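# Chains, contacts and geometry: an overview
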Amino acid sequence: PMLLLGSEVTVGTDGSVWLDGEPEDKLRLVNVSNLKELEREPNGLFATKELQLDLPPGETQVRQGSLELANVDSVGSMVDLISIQRSYSANMQVLKAVDRILGLAASKVGEV
């Protein structure tokens, strides 16, 4: 990682990095063909052993100051999670009832 010392850092839509109005560096924008090959590294970084293909200019844009949205629907995911928990709880109650019935049947067979 590079440490930029200055008062104003600007990132252009093409990935160019400017420090106090002077060009400093450029972000390398790449495309990874197989996302399963990505390996998590410290500080929120990812790495891959495969060849990374540079994106052609104009194919994507960098937006300084923007936040990337998650690719999941948080409300829908919570509804799904609650539904799964309730189904699990209901199945556990059924299994406990079956276990009690089998226990009673075993004890009654022993009495005869």
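Details of the structure are given in the entry above.
Below: a short report on this structure.

Cut-off values and rules
- Residues numbered from 1 in each chain as written.
- Predicted model: local features only at pLDDT ≥ 70, side-chain atom pairs only at ≥ 80, totals over all residues.
- Heavy atoms only, no water.
- 1 Å grid on protein atoms, 1.4 Å probe; cavity = no way out; pocket = protein on both sides within 12 Å on 5 of 7 lines; lining within 4 Å.
- Points joined across faces, edges and corners; volume = space filled by probe spheres on them.
- Helix = DSSP H or I, 4+ residues; strand = E, 2+ residues; numbered from the N terminus.
- Nonpolar A, V, L, I, M, F, W, Y, C, P; charged D, E, K, R; others polar.
- Pairing = 2+ DSSP bridges.
- Expected span 1.5 Å × (residues − 1).
- Buried < 20%, exposed > 50% of the residue type's maximum accessible area, 1.4 Å probe, protein only.
- Contact = heavy atoms within 4.5 Å.

### Observations concerning the layout of surface pockets
Looking at the largest pocket, its volume works out to about 740 Å³. Along the wall of the largest pocket there are 18 residues; nearest its centre are L27, R28, V30, L45 and F46. At the level of elements, β3 (22–26), β4 (30–31) and β6 (45–47) are the ones that each hand at least two residues to the lining of the largest pocket. Among the residues making up the lining of the largest pocket, the classes are represented as 11 nonpolar, 4 polar and 3 charged.

### Overview of unusual backbone geometry
Located in the positive-phi region is D20, a residue other than glycine, with phi close to 50 degrees. Mapping D20 onto the fold places it in the loop between β2 (16–19) and β3.

### Focus: the pairing of β2
Looking at chain direction, strand β1 (residues 9–11) and β2 are connected through 3 bridges and run antiparallel. Bridge pairing in β2 places V9 opposite L19. Linkage of β1 to β2, two consecutive antiparallel strands, is achieved through a turn of 4 residues, within which G15 is found at a positive phi near 95 degrees. Here β2 pairs with β3 via 4 bridges, running antiparallel.

### Regarding helix α1 (residues 74–111)
With 38 residues, α1 extends 56 Å between its outermost C-alpha atoms, agreeing within 8% with the 56 Å of an ideal straight helix rising 1.5 Å per residue. Of all 38 residues that make up α1, 0 are buried, and the element is exposed over most of its length.

### Examining the environment of A70
Within the secondary structure layout, A70 lies in the loop between β7 (53–54) and α1. You can call A70 exposed: its relative accessible area is 61%. Between the C-alpha atoms of A70 and E111, which are 41 residues apart in sequence, the distance is 62 Å.

### Digging into the side chain of T48
By secondary structure assignment, the location of T48 is in the loop between β6 and β7. Contact partners of T48, with chain neighbours within four places excluded, come to V32, E37 and L38.

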